[in-house]
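# Per-entry structural report
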Amino acid sequence: HGRVGLESQVLMREQWFDDSPRFVIEEGEALRPGQEAVNRVRLGEPFAPLSLIQGAGGNFRILRTRPVELDIRAGVGGRQTLANGLRSLEIRSGTEADPDVLVPVDSNASFGFEGTVVGLVRVWRIIGTTEFDGLVPVTEGDEAIYTWRNQISLRLASFISLNYRFNVLRDPNLGLEDDAQTEHDVQIRFSYNVF
């Protein structure tokens, strides 16, 4: 199989602080007298970053039944990240004496071996899907990149479903401070067949 893809964020990225406001400066800037602490900072504009994904390899169907499906894909691939003005937040104490720092993220490229595991489970009106996609770079200095996407859907009617999504992303090329970032969301999805 072969694939080419493009991923991005349509909306701007912001970092909100749950606790008290924090002092944040741009890398290389000094804290100006009278500067106030903030409750949020903007990390990127819409479409920052742009991630290009390519791969080629084999697709193996391990299991294919009505309630369960399992596929494994393996091959070689690449990931290019165009930062497009993206910044990462270097967390410090957030005080006036030691403020957090906004650091520009560099555009980069990684090439190596990739693998994907895709699973699906159907039970009554519930469908669960999982997809783990990873790249182990052979380029020097690059670290492993992976994305794990999970979704559980409950069909409430023929045109409406309730979905819970849980995703995990580890991409050191994005300047993420933690080893992995997680996101959760609940959606009510409406669908209509035109044809």
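Preceding block: the structure.
Residues numbered from 1 in each chain as written. Predicted model: local features only at pLDDT ≥ 70, side-chain atom pairs only at ≥ 80, totals over all residues. Heavy atoms only, no water.

## Quick word on unusual backbone geometry
To keep it simple, the criterion reads: We count a stretch as a helix when DSSP gives it H or I for four or more residues in a row; a strand needs E for two or more, and each element gets its number in order from the N terminus. A 1.4 Å probe rolled over the protein chains alone gives each residue an accessible area, and that area as a share of the maximum for its type sets the label: buried under 20%, exposed over 50%, partly exposed in between.
With an omega dihedral of 0 degrees, the bond running from A48 to P49 counts as a cis peptide bond. Looking at the secondary structure, you find P49 in the loop between β4 (40-44) and β5 (50-64). Although it is not a glycine, F47 adopts a positive phi angle of roughly 65 degrees. Judged by its relative accessible area of 42%, F47 falls in the partly exposed class. Backbone geometry places W124, a non-glycine residue, at a positive phi of 55 degrees. With respect to the secondary-structure elements, W124 resides in the loop between β9 (108-123) and β10 (126-137). Looking at W124, the relative accessible area reads 74%, which means it is exposed.

## Regarding the sheet that holds strand β7 (residues 87-90)
Filter applied, for reference: Strands are treated as partners if at least two bridges between them are detected by DSSP. Axis lines are fitted through C-alpha atoms, for helices just across the contact stretch, and the angle between N-to-C directions can take any value from 0 to 180 degrees.
Spatially, three strands are ordered β3-β8-β7 in an open sheet, and the strand pairing comes out mixed. Taken across any chain shown, the strands that pair with only one partner, and hence form the sheet edges, are β3 (24-26) and β7. The mean inter-strand angle of the sheet, taken between neighbouring strand axes irrespective of direction, is 30 degrees. By the bridge criterion, four bridges tie β7 to strand β8 (residues 100-104) in an arrangement that is antiparallel. Its bridge partner lying in β8, S88 is registered against V103.

## Looking at the packing of aromatic side chains
Stated formally: Note on ring pairs: Phe, Tyr and Trp rings are taken, using the six-membered ring of Trp, and paired if centres are within 6.5 Å. Classes follow the plane angle, with under 30 degrees stacked, over 60 edge-to-face and the rest tilted.
Within this structure, the stated rule accounts for two aromatic pairs. On the numbers, 5.4 Å between centres and 25 degrees between planes, the contact of F132 with Y146 is stacked. Of the two residues, F132 is situated in strand β10 and Y146 in strand β11 (residues 145-157); the sequence distance between them amounts to 14 residues. Under the relative-accessibility criterion, F132 is labelled partly exposed at 36%. With a relative accessible area of 24%, Y146 lands in the partly exposed category.

## A look at the environment of E114
As a reminder of what qualifies: In this analysis, two residues are considered to be in contact whenever any of their non-hydrogen atoms come within 4.5 Å of each other. Polar contacts here mean pairs of N or O atoms no more than 3.5 Å apart (in protein, one a potential hydrogen donor and the other a potential acceptor; neighbouring residues in sequence count only if both atoms are side-chain atoms).
Within the element layout of this structure, E114 appears in strand β9. Residue class for E114 comes out buried when judged on its relative accessible area of 8%. Taking the C-alpha atoms as reference points, E114 and N193, separated by 79 residues in sequence, lie 35 Å from one another. In contact with E114, other than residues within four places in its own chain, are R3, Q54, G55, A56, R73, A74, G75, V76, G77, R79, G134 and L135. At a separation of 2.9 Å, a polar atom in the side chain of E114 contacts the side chain of R3. Within the structure, E114 has its side chain in polar contact with the side chain of R79 (distance 3.2 Å).

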